[in-house]
Amino acid sequence: MKQAVSIIGCGVSGLTTAVVLQRQGWEATIYTDQAPEETVSAVAAAIWFPYEVHPQEKANVWSLASYLEFEELSKDPASGVSMVPLTVIVRDEADAWWTAGLPGHAIRQARPEEVPSAYSFAYRMTVPLIETQLYLPYLLREFRGAGGLLVNQKVDNIKNLTIKNLPVVNCTGMGAKELVGDSSLYPIRGQILKAEPIAGIEAMSADFTFGDAGEELAYIIPRRDCTVLGGTTGKGDYDLQPDEATNQGILARCSTLSPLVKDARIQATAVGLRPGRPEIRLEREGNLVHNYGHGGGGYTVSWGCAYEVANLLKGFPS
Ligand SMILES: Cc1cc2nc3c(=O)[nH]c(=O)nc-3n(C[C@H](O)[C@H](O)[C@H](O)COP(=O)(O)OP(=O)(O)OC[C@H]3O[C@@H](n4cnc5c(N)ncnc54)[C@H](O)[C@@H]3O)c2cc1C
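What counts, and at which threshold
Residues numbered from 1 in each chain as written. Predicted model: local features only at pLDDT ≥ 70, side-chain atom pairs only at ≥ 80, totals over all residues. Heavy atoms only, no water. Core = buried A, V, L, I, M, F, W, Y, C linked by side-chain atoms within 4.5 Å. Buried < 20%, exposed > 50% of the residue type's maximum accessible area, 1.4 Å probe, protein only. Helix = DSSP H or I, 4+ residues; strand = E, 2+ residues; numbered from the N terminus. 1 Å grid on protein atoms, 1.4 Å probe; cavity = no way out; pocket = protein on both sides within 12 Å on 5 of 7 lines; lining within 4 Å. Points joined across faces, edges and corners; volume = space filled by probe spheres on them. Nonpolar A, V, L, I, M, F, W, Y, C, P; charged D, E, K, R; others polar. Near = heavy atom within 4 Å. Axes fitted to C-alpha atoms, helices over the stretch in contact; angles between N-to-C directions. Parallel < 35°, antiparallel > 145°, perpendicular 65-115°, else oblique. Left-handed = near helix turned anticlockwise from the far one by under 90°. Contact = heavy atoms within 4.5 Å. Pairing = 2+ DSSP bridges.

**A word on the nonpolar core**
Counting residues in hydrophobic clusters, the biggest one holds 41 residues, and the most contacted among them are Ile 7, Tyr 135, Val 169 and Leu 313. Breaking this core down by element, the ones donating at least two residues are strand S1 (3–8), helix H1 (12–23), strand S2 (26–32), helix H2 (56–73), helix H3 (132–145) and helix H7 (302–312). Counting 28 residues, the second largest nonpolar core, distinct from the first, contains Ala 45, Phe 49, Ile 192 and Ala 203.

**As for the layout of surface pockets**
Taken as a whole, the second largest pocket holds about 180 Å³ of empty space. Lining the second largest pocket we find 15 residues, and of these Glu 215, Glu 216, Thr 232, Thr 233 and Thr 246 sit closest to its centre. Per-element tally for the lining of the second largest pocket: the top contributor is helix H6 (residues 244–257), with four residues. Here the lining of the second largest pocket is built from residues that sort into two nonpolar, seven polar and six charged.

**Observations concerning the site of the ligand**
As a matter of local geometry, the ligand sits amid 36 residues, with Ser 13, Asp 33, Ser 41, Gly 295 and Thr 300 nearest to it. Grouping the amino acids of the shell around the ligand by side-chain chemistry returns 14 nonpolar, 19 polar and three charged.

**A look at the packing of H1 against H7**
Between H1 and H7, the least distance of the axes is 9 Å, while the angle of their chain directions is 50°. The orientation of H1 with respect to H7, classified from their angle, is oblique. Read as a crossing pair, H1 and H7 show a hand that is right-handed. Taken together, the residues of H7 that come into contact with H1 (itself represented by Val 12, Thr 16, Thr 17, Val 19, Val 20, Leu 21 and Arg 23) are Ser 302, Trp 303, Ala 306, Tyr 307, Val 309 and Ala 310. Partitioned by chemical class, the residues of the contact of H1 with H7 number nine nonpolar, three polar and one charged.

**A short note on the pairing of strand S15 (residues 288–292)**
Within S15, five of the five residues are buried, which leaves the element mostly enclosed by the surrounding structure. Burial of S15 is two-sided: the residues Leu 288, His 290 and Tyr 292 facing one way and the residues Val 289 and Asn 291 facing the other way are all buried. Direction of pairing for strand S7 (residues 168–170) relative to S15: parallel, over a ladder of three bridges. Residue pairing for S15: Val 169 is matched across the bridge by Val 289. The pairing of strand S14 (residues 281–285) with S15 spans five bridges and is antiparallel. Paired with Glu 283 across the strands is His 290, a residue of S15. Hairpin connection of S14 to S15: two residues between the antiparallel strands, including Gly 286 at a positive phi of 65°.

Printed below as a string of structure tokens:
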């Protein structure tokens, strides 16, 4: 008989963890107070890049494991994953710690004509593009197809689940602040624009911040349904309302990455709170495993972290 496991959360961390545990023979139930399309995970574009993910050494291990899994998934068009070129403009090569999270063949120094004229140095990479509007429903189908049960319910007290002596995995993102009283969690507010698809535009980003407060990012992520233009990185900011002046700043910064942005026709604006933490919490306490605090790279590390949860539960209850 299969052993039961409960997962709290159905963002990318909870769904990926559930799918990995199912593959390893567990019978999984997810408890969540939001549908996948209402989560922070649904606001992301998303592209492989371990932004604001700590600690760096582990992030690279988890990012590489996820890269390889996404590469496999890209062979199935229904997954919403594809392998795309990405140019990342870098201010200081010594700070580009994340390059170690890529397979060697996937990254090279950009040629001068590939670097936008306002900048001097960039890397050219091939990375997974994870179209969240397709990928989250895909993961949910995988989960349900393997017999998974989704319960729409807020967990007010984690002891109500852990008391049964069955394993529970906490994938609640920012929700862990309240659920397990984690005061080290903080929001990293991200505002993005969704423009109508821009023909011929490629994925591009800067790996550093702009502006006096260091809260401004620049990135372009073309998807099938839209081109995502970002962004912001407001640490400690809980405001979910989009701000018009911020939109203008995003358009100006993205125009320095690609002149094609000047023709962008904006469809929508979105805001999400990335679950920031000094380190991702991935550890086991008795029958409770924590997997949250993935900052701005929850997709990038998702498979690597889910495999580690499965390892922590190997041989359960010992
Ligand atoms: C603008 C923006 C752009 C981004 N771009 C990228 C990108 O390009 N690449 C990348 O890798 N990452 C990106 N990210 C980061 C990524 O979206 C997050 O790291 C990731 O979504 C975190 O996923 P999660 O599943 O841990 O949390 P969430 O998606 O927040 O899910 C948490 C889940 O827990 C549930 N929950 C919480 N508390 C409870 C409770 N008490 N009871 C029941 N359920 C509960 C919620 O309902 C939800 O289902 C971006 C984020 C933003 C905001």
